[in-house]
Amino acid sequence: MLEVLAFSLLLLGKDEPVLDPARDQPAPPNAAFYSDCFRDAAERGNLKAQNGYLLLSCQGEPAKRFYDKLGTLPASATHSETRASVTLRYTTRPKKDTDGLDACWQDSQAAGTEFEYGCRLIYPAGPLLDAD
């Protein structure tokens, strides 16, 4: 469902971050939401690739924890919207639209199943991902 969200950004690309290794810090506790989702996506085989980006989808409990945490952030830090039976929470506020943003959702039509909660994370893996 959320694959469409990533298409615009994936086709247009992102600016590369400027990182200074001397300023690296230990990952904060909230990094566990990402690592738990990565682990769940890998274990379930929910990994896809497109234009050098790794697309990960987690479900169930890791996604619920991530979704719930996003709900505790101030409105100035995140964004949420509802589409039919699905409430989406994004990890950041959109500059233009929500295409290509990491998001978690709750689908009320899937209540009580492992598909009630899900997350979609987009990782810029680079050309190695698509290399032979």
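Reference entry: report on the structure contained in this document.

Turning our eyes to something else, we now look at the overall build of the chain. Check the secondary structure of the chain and you find three helices and six strands. The order of helices and strands in the chain, counted from the N terminus, is α-α-β-β-α-β-β-β-β. In the chain, which comprises 132 residues, the proportion classed as buried is 34%. Sequence-distant contacts in the chain: of pairs separated by 6 or more residues, those separated by 24 or more amount to 51%.

So, on to the state of the cysteines. Evaluation of the coordinates by the stated rule reveals two disulfides. There is a disulfide in this structure between C37 and C58, and the S-S distance comes to 2.1 Å. With the S-S dihedral at roughly -100°, the linkage between C37 and C58 falls on the left-handed side. Here C37, found in helix α2 (residues 31–44), pairs with C58, found in strand β2 (residues 53–59); they are 21 residues apart in sequence, far enough to count as distant. Pair check on accessibility: C37 and C58 agree, each one buried. Bridging C104 to C119, the disulfide has an S-S length of 2.0 Å. Torsion about the S-S bond of the C104 and C119 cystine: about 105°, corresponding to right-handed handedness. Highlighted residues: C104 in strand β5 (residues 103–107) and C119 in strand β6 (residues 117–124), separated in sequence by 15 residues. C119 matches C104 in its accessibility class, with the two residues each being buried. Of note for the chain: the bonded cysteines, numbered N- to C-terminal, pair according to 1-2, 3-4.

Looking now at the nonpolar core. Core analysis: the biggest nonpolar cluster contains 13 residues, and C37, C58, A63, F66, C104, C119 and L121 have the highest contact counts within it. Residue assignment for this core shows that the elements contributing at least two residues are α2, β2, α3 (60–70) and β6. Per-element accounting of this core gives the leading share, four residues, to α3. A63 has contacts with C58, Y117, G118 and C119, leaving out every residue within four places of it along the chain.

Along the chain, the position of D36 falls in helix α2. Polar side-chain contacts of D36 include one of 3.4 Å to the side chain of R65. The contacts of D36, once residues within four sequence positions are left out, are P62 and R65.

If you trace the backbone, T98 turns up in the loop between β4 (86–90) and β5. Judged by relative accessible area, which is 8%, T98 ranks as buried. Only 3.4 Å separates the side chain of T98 from the side chain of R83, close enough to count as a polar contact.

A separate point is the pattern of salt bridges. Under the criterion given, the structure shown has six salt bridges. In this structure, the salt-bridge partner of D68 is K64, at a minimum N-O distance of 2.7 Å. Of this pair, D68 and K64 both sit in helix α3, four residues apart, which is roughly one turn of the helix. Residue D68 is classed as partly exposed on the basis of its relative accessible area, which comes to 33%. Residue classification places K64 among the partly exposed residues on the basis of a relative accessible area of 27%. Across the salt bridge formed by R83 and E81, the nearest N and O atoms sit 2.7 Å from each other. When salt bridges with common partners are traced through the structure, they connect D36, R39 and R65 into a single cluster.

Cut-off values and rules
Residues numbered from 1 in each chain as written. Predicted model: local features only at pLDDT ≥ 70, side-chain atom pairs only at ≥ 80, totals over all residues. Heavy atoms only, no water. Helix = DSSP H or I, 4+ residues; strand = E, 2+ residues; numbered from the N terminus. Buried < 20%, exposed > 50% of the residue type's maximum accessible area, 1.4 Å probe, protein only. Contact = heavy atoms within 4.5 Å. Disulfide = S-S within 2.5 Å. Core = buried A, V, L, I, M, F, W, Y, C linked by side-chain atoms within 4.5 Å. Polar contact = N/O pair within 3.5 Å; in protein donor to acceptor, adjacent residues only side chain to side chain. Salt bridge = Lys/Arg side-chain N within 4 Å of Asp/Glu carboxyl O.

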